[in-house]
Amino acid sequence: MPAQNMEELVSLCKRRGFIFQGSEIYGGLQGFYDYGPLGVELKNNIKAAWWRSNVYERDDMEGLDSSIIMHRMVLRHSGHEATFSDPMVDNRKTKKRYRLDHLVKEQKAAVQAAVAEAMGESLENFPALVAALVKRPADASAALISAGVRDSHSGETGDWTEPKPFNMMFKTTIGPTADEDSFGYLRPETAQGIFTNFKNVVDSTSRRLPFGIAQIGKAFRNEITPRNFIFRVRELEQMEIEFFCTPGTDEDWHAHWLEKRLSWWEAQGVPRSKIEILDVPKEDLAHYSKRTYDLMYDYPTLGHEEIEGIANRSDYDLGSHTKAQGELGLVASVEENLDSVAKLTIPHPETNKPVVPFVIEPSAGVDRALLAVMSEAFTKETLENGSERIVLKLKPHLAPIKVAVIPLARNREEITSLARQIKADLQRLGLGRVLYEDSGNIGKAYRRHDEVGTPFCVTVDFDTVGLGGEGKVSDPALLGTVTVRDRDTLAQERVRVDELSAWIRTRLA
Ligand code: GAP
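Residues numbered from 1 in each chain as written. Predicted model: local features only at pLDDT ≥ 70, side-chain atom pairs only at ≥ 80, totals over all residues. Heavy atoms only, no water.

Novice: So what's going on with the sheet that holds strand 14 (residues 303–314)? Residues and values would help.
Specialist: Strands in a sheet are paired, the pairing made by backbone hydrogen bonds, and the direction either parallel or antiparallel. Pairing is mixed across the open sheet formed by seven strands, whose spatial order is 3-10-11-17-14-13-12. Edge positions in the sheet fall to strand 3 (61–64) and strand 12 (275–279), since each has one partner strand and no second. When strand polarity is set aside, the average angle formed by the axes of neighbouring strands in this sheet is 20°. Where strand 10 (residues 211–220) lies against strand 11 (residues 235–245), 10 bridges are found, and the strand directions are antiparallel. Within the sheet, the bridge partner assigned to G217 lies in strand 11 and is Q238. Sheet contacts for helix 2 (residues 37–56): strand 3, strand 10 and strand 11; angle to strand 10, the most-contacted strand, approximately 160°. (Pairing = 2+ DSSP bridges. Helix = DSSP H or I, 4+ residues; strand = E, 2+ residues; numbered from the N terminus. Axes fitted to C-alpha atoms, helices over the stretch in contact; angles between N-to-C directions. Contact = heavy atoms within 4.5 Å.)

Novice: An account of the site of the ligand is needed here, citing residue identities and associated values.
Specialist: Taken together, 20 residues surround the ligand, and among them E189, R221, E223, E240 and E306 come closest. Here an oxygen atom of the ligand and a side-chain polar atom of R221 are 2.8 Å apart. Measuring from an oxygen atom of the ligand, one finds a side-chain N or O atom of Q238 at 3.0 Å. When isolated, the ligand has an accessible area of 560 Å², and the protein chains bury 91% of it. Mapped onto the shell around the ligand, the elements with two or more residues apiece are strand 11, strand 14 and strand 17 (358–365). The greatest single-element share of the shell around the ligand, amounting to five residues, is contributed by strand 14. When its residues are assigned to classes, the shell around the ligand shows six nonpolar, four polar and 10 charged. (Near = heavy atom within 4 Å. Polar contact = N/O pair within 3.5 Å; in protein donor to acceptor, adjacent residues only side chain to side chain. Areas by Shrake-Rupley, 256 points an atom, 1.4 Å probe, with all protein chains shown as cover. Nonpolar A, V, L, I, M, F, W, Y, C, P; charged D, E, K, R; others polar.)

Novice: Describe the environment of D159, and please don't skip the residues or the numbers.
Specialist: The residue D159 is located in the loop between helix 8 (137–146) and strand 7 (164–167) in this model. Relative accessible area serves as the criterion here: at 27%, D159 is assigned to the partly exposed category. For the pair D159 and N228, spaced 69 residues apart in sequence, the C-alpha to C-alpha distance is 26 Å. Dropping the residues within four chain positions of it, D159 is found in contact with D90, N91, R92, K93 and I145. Within the structure, D159 has its side chain in polar contact with the side chain of R92 (distance 2.8 Å). (Buried < 20%, exposed > 50% of the residue type's maximum accessible area, 1.4 Å probe, protein only.)

Novice: Which residues make up the sheet that holds strand 24 (residues 492–496), and what are the values?
Specialist: Across the sheet, five strands lie side by side as 21-20-22-23-24; this open sheet has mixed pairing. Lying at the two open borders of the sheet, with one neighbouring strand each, are strand 21 (434–436) and strand 24. Direction aside, the axes of adjacent strands within the sheet are offset by 25° on average. When strand 23 (residues 481–486) meets strand 24, the two strands line up antiparallel, connected through five bridges.

Novice: For the nonpolar core, give the residues involved together with the corresponding values.
Specialist: Note on soluble globular proteins: their nonpolar side chains tend to be buried together. In terms of nonpolar packing, the biggest core is built from 59 residues, with F18, L42, I46, M239, W265 and M374 touching the most fellow members. No other element matches helix 13 (residues 366–377), which puts eight residues into this core. Setting aside its immediate chain neighbours within four residues, M239 contacts I46, K47, W50, Q215, I216, W264, P362, S363, A364, G365, V366 and A369. In terms of nonpolar packing, the next biggest core, distinct from the first, is built from 22 residues, L426, F456, V482 and I504 among them. (Core = buried A, V, L, I, M, F, W, Y, C linked by side-chain atoms within 4.5 Å.)

Novice: How would you summarise the packing of helix 1 (residues 6–15) against helix 13 if you had to cite specific residues and measurements?
Specialist: As a packed pair, helix 1 and helix 13 sit with axes 11 Å apart at the nearest point and diverge in direction by 105°. With respect to their mutual orientation, helix 1 and helix 13 come out roughly perpendicular. In this structure, helix 1 uses M6, L9, L12 and C13 to contact helix 13, whose residues at the interface are L371, M374 and S375. (Parallel < 35°, antiparallel > 145°, perpendicular 65-115°, else oblique.)

Novice: Break down the side chain of R313 for me, with residues and values.
Specialist: Here R313 shows up in strand 14. Note on R313: relative accessible area 0%, which makes it buried. Within the structure, R313 has its side chain in polar contact with the side chain of D317 (distance 2.8 Å). Every residue in contact with R313, bar those within four places of it in the chain, is listed here: H80, E189, A191, Q192, F195, E242, Y288, V359 and E361.

Novice: Lay out the pairing of strand 22 (residues 456–460) with the relevant residues and their values.
Specialist: Regular strands place side chains that alternate from one sheet face to the opposite one. For strand 22, the buried fraction is high: five of the five residues fall into the buried class. Neither face of strand 22 is left uncovered, since the one carrying F456, V458 and V460 and the one carrying C457 and T459 both have all their residues buried. Pairing analysis gives five bridges linking strand 20 (residues 403–407) to strand 22, with the strands arranged parallel. Each residue of the ladder has a partner; that of A404, found in strand 22, is C457. Across four bridges, the pairing between strand 22 and strand 23 is antiparallel. Pairing of V458 across the sheet is with V484, part of strand 23.

Novice: Describe in detail unusual backbone geometry, supporting the description with residues and values.
Specialist: The step from L209 to P210 runs through a cis peptide bond, and the omega angle for that step is -10°. Mapped onto the elements, P210 comes out in the loop between helix 10 (198–205) and strand 10. Within the chain, K95 stands out as a residue other than glycine whose phi angle is a positive 65°. One can find K95 in the loop between strand 5 (85–90) and strand 6 (97–99). Here K95 falls in the exposed class, since its relative accessible area comes to 69%. The phi angle at S314 is positive, at roughly 50°, despite the residue not being glycine. Its place among the elements puts S314 in strand 14. Taking relative accessible area as the criterion, S314 reaches 13% and is therefore assigned buried.

Novice: Just give me the short version of a nonpolar patch on the surface, but keep the residues and values in it.
Specialist: A surface patch of nonpolar side chains, amounting to about 230 Å² of accessible area, comprises I68, I69 and I174. Note on placement: I69 falls in strand 4 (residues 69–71). Since its relative accessible area comes to 42%, I69 is described here as partly exposed. (Patch = residues over 30% accessible without salt bridge, like charges linked within 9 Å, V, L, I, M, F, W, Y side chains within 5 Å. Salt bridge = Lys/Arg side-chain N within 4 Å of Asp/Glu carboxyl O.)

Novice: Go over the pairing of strand 20, please, and point to the residues and values.
Specialist: Along strand 20, five of the five residues are buried, which leaves the element largely enclosed by surrounding structure. Between the parallel elements strand 20 and strand 21, the chain passes through helix 14 (residues 413–427) in a crossover that is right-handed. (Right-handed = clockwise from strand over helix to strand, strands pointing away.)

Novice: Break down the packing of aromatic side chains for me, with residues and values.
Specialist: A complete count under the given rule lists 14 aromatic pairs for this structure. Here F198 and F244 contribute two aromatic rings whose centre-to-centre distance is 4.7 Å and whose plane-to-plane angle is 55°, an arrangement assigned as tilted. On the criterion of sequence distance, the pair formed by F198 in helix 10 and F244 in strand 11 is long-range, its members being 46 residues apart. F244 carries the same exposure label as F198, and that label is buried. (Phe/Tyr/Trp six-rings, centres within 6.5 Å; stacked < 30°, edge-to-face > 60°.)

What follows is the structure, encoded as structure tokens:
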């Protein structure tokens, strides 16, 4: 059974070195997390699985790694300067600041209903209620106060200001200058790097429609209220595809990507039955979107929340950047340049005339993926002897450690040197991390590897090397064999050392 609550996961992540609070020794920095020795392996494996499936296994995809800091004009003309904001509200009493929709959602049902009633809206349609609060700020302030909305920190009713938009982009200065205009933005989505490189990729690869560009990288959002562990952070990582297609074929490609992405999640151990598809209502669509499907995974404690958005961005971004270049004089005008090389266009596959393609964008968060994958893998079992074990039943390709090689005696050279040799041989298979594990008691090592999801533990013992030990005479039938313990079934099998690499490869590759 998957994790029942977030605390179980947070505790495992910290205890076993998956995730730590950012800047922890100085009291921590809200909304920033560091991935520890096992977290970085799991994260890398998720990203590799995504890249393999979306780039290597397709013939219509190119990869990209664009810079994080971007020219402010990019984010102006993408629409982010004007619209990438969340509504915030302040409590004059406590001076605390909240994201409006989160604040209302956290209230008791009766208080939420009173806010809705004061605004003349229905609580059933929460997005419409939030939209009304944003559109009518004076009414909103009065409604929050009269409904008795409480401050999440003090627990007291608040004296609420009018909501106002808070732009979530991080700015940074560029170069040794005091000039106020010398700033750039940390990208709030990796997508813009793909749009600004569209022409470069087309020209250097001779791609024709339809094709996509994939990118994995950090994005930054100054969230008003980061929360729920790594679910909502200020420094996040995204796995994004911008798939360019001929206008008119966009809806078919949208359906194609919805299906592809659901089956990818399934292959990572996140079943379709746990993902609801939200056809985002028109009033909630991002400024660039013609239509968006949000994949809402059923997270422990949080319930259904977005793990991935699959948007039809139409020709919004390429069109807007092209238009902007025209206005800035970088190209003479959009129309004039339709036949020139400077525009973000590509020949139409049938007419050969330049066309601004439509874009389908599957965009998944790596941090949210990791949380979902861990939630599904987290299992608590009661063993036959009545003891309880926690085991992370990760798909083997995602497991941070693939095999732990354990020498049964740390002080017997015959055993340790063979164990080291086996570790090196298995490492060379290139399946991921293999660990030489001599940290002590074998029972504890098994428990630790269950908790971090290691599919196999290989034990080199006295029999393996033909030594008597622990009051036993060596069994000649076991000479040259090791014990392999299966994480999920707990079955232990003797496997010949000279067949071990092939044995492991068939089970992990
Ligand atoms: N380029 C489109 C885009 O950025 P989005 O819905 O804002 O769309 C895409 O973000 C994905 O990025 C989300 O589905 C989520 O998985 C992840 N994400 C967004 N904001 C996040 C945050 N503050 N913390 C963690 N992940 C986040």
